[in-house]
Amino acid sequence: MQADDSRAALLDAGERLIAERGVDVPLRDIAAAGGQRNNSAVHYYFDSRNGLVEAIVERRMNRLEQRRMELLAAHEADGTGADPHALVGMLVGPMLELVGEDRTSHYGRFLEVVRTHPVIADARRLAGAERAAVRIIATRLGAALPQLSPRHRRRRLETMTTVLFALVADYERALQDGSRTPHLDTDTAEIADMLVAMLTVPARDPA
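All of the points below concern the structure found in this document. Remember, predicted model here, so these are calculated numbers, not experimental data.

## Observations concerning helix α9 (residues 150–177)
Part 1 of the reasoning: For α9, spanning 28 residues, the distance from its first C-alpha to its last is 41 Å, which sits close to the expected 40 Å at 1.5 Å a residue.
Part 2 of the reasoning: The set of residues buried in α9 consists of H152, R156, L157, M160, L164, F165, V168, A169, Y171, E172, A174 and L175.
Part 3 of the reasoning: The elements touched by buried residues of α9 are α5 (84–101), α6 (107–114), α7 (118–121), α8 (132–143) and α10 (184–200).
Part 4 of the reasoning: Of the residues trailing α9, G178 is marked for its positive phi of about 80°.

## Some thoughts on the environment of H183
Part 1 of the reasoning: Mapping H183 onto the fold places it in the loop between α9 and α10.
Part 2 of the reasoning: Its relative accessible area of 47% is what places H183 among the partly exposed residues.
Part 3 of the reasoning: The spatial distance from the C-alpha of H183 to the C-alpha of F165 is 19 Å, given a sequence separation of 18 residues.

## What to know about the nonpolar core
Part 1 of the reasoning: I30, V88, F110 and L141 are the most contacted members of the largest nonpolar core, which totals 55 residues.
Part 2 of the reasoning: Looking at which domains feed residues into this core, each of domain 1 (1–47) and domain 2 (54–200) gives three or more.
Part 3 of the reasoning: If near-sequence neighbours (up to four positions away) are discounted, I30 is found in contact with L10, A13, G14, L17, V25, V42 and L52.

## Re the packing of α9 against α10
Part 1 of the reasoning: Direction vectors running N to C along α9 and α10 enclose 155°, while the axes themselves pass 10 Å from each other. When the axes of α9 and α10 are compared, the pair comes out roughly antiparallel. The handedness of the crossing between α9 and α10 comes out as right-handed. On the side of α9, the interface is formed by R156, L157, T159, M160, V163, L164, L167 and Y171, while α10 contributes D187, I191, M194, L195, M198, L199 and T200.
Part 2 of the reasoning: Here the contact of α9 with α10 is built from residues that sort into eleven nonpolar, two polar and two charged.

## Digging into the packing of α5 against α9
Part 1 of the reasoning: Between α5 and α9, whose axes approach to 10 Å, the crossing angle comes to 25°. Comparing the axis directions of α5 and α9 gives the class roughly parallel. Between α5 and α9 lies a crossing whose hand is right-handed. Here V88, L91, V92, M95, L96, V99 and G100 of α5 lie close against α9, whose contacting residues are M160, L164, F165, V168, Y171, E172 and L175.
Part 2 of the reasoning: Tallied by class, the residues present in the contact of α5 with α9 amount to twelve nonpolar, one polar and one charged.

So, how was this worked out
- Residues numbered from 1 in each chain as written.
- Predicted model: local features only at pLDDT ≥ 70, side-chain atom pairs only at ≥ 80, totals over all residues.
- Heavy atoms only, no water.
- Helix = DSSP H or I, 4+ residues; strand = E, 2+ residues; numbered from the N terminus.
- Expected span 1.5 Å × (residues − 1).
- Buried < 20%, exposed > 50% of the residue type's maximum accessible area, 1.4 Å probe, protein only.
- Contact = heavy atoms within 4.5 Å.
- Core = buried A, V, L, I, M, F, W, Y, C linked by side-chain atoms within 4.5 Å.
- Domains from an automatic or database assignment.
- Axes fitted to C-alpha atoms, helices over the stretch in contact; angles between N-to-C directions.
- Parallel < 35°, antiparallel > 145°, perpendicular 65-115°, else oblique.
- Left-handed = near helix turned anticlockwise from the far one by under 90°.
- Nonpolar A, V, L, I, M, F, W, Y, C, P; charged D, E, K, R; others polar.

Pasting the structure below:
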């Protein structure tokens, strides 16, 4: 196998096995599933387990960011760029689009497993140029919740991410087992409705 092909095969294997067995799946199993006879192949290509997780995230993130930037521009043009439902839809839609097109994808389930990993959870990563669209959407969502205290806004946005990953993972499973037929616009709107409801429900306890 050429180096690029070997790296891609390890990314596919890592995404699938981490989704199925958890982030601590033995690296030698990922190497074997990726067609590598050398148990150290993951270290050779990615330096470490964390490096592999980061590479899996980044492989998909470029496409998601580009699509979200396109959606931000479209909603700016029609005046809905600050609408909570539109903003949440910009997070949801590209993810459903990705897993709907790639029926071998385990990315939704992978994200559900690694959601607390620093590659996902470290807020400092939002400062990078590669997360510009997510940063803009998160900032606008926070501004669209003025009825909540800063503490409640932060908690709601963190919880929304957890629920979003779980819903996308379930969607991906349903597509692959044939129990669901994709209807991108309707599916995106349905999940966005649930997430917006969670974001905007009045807080019960004092700030």
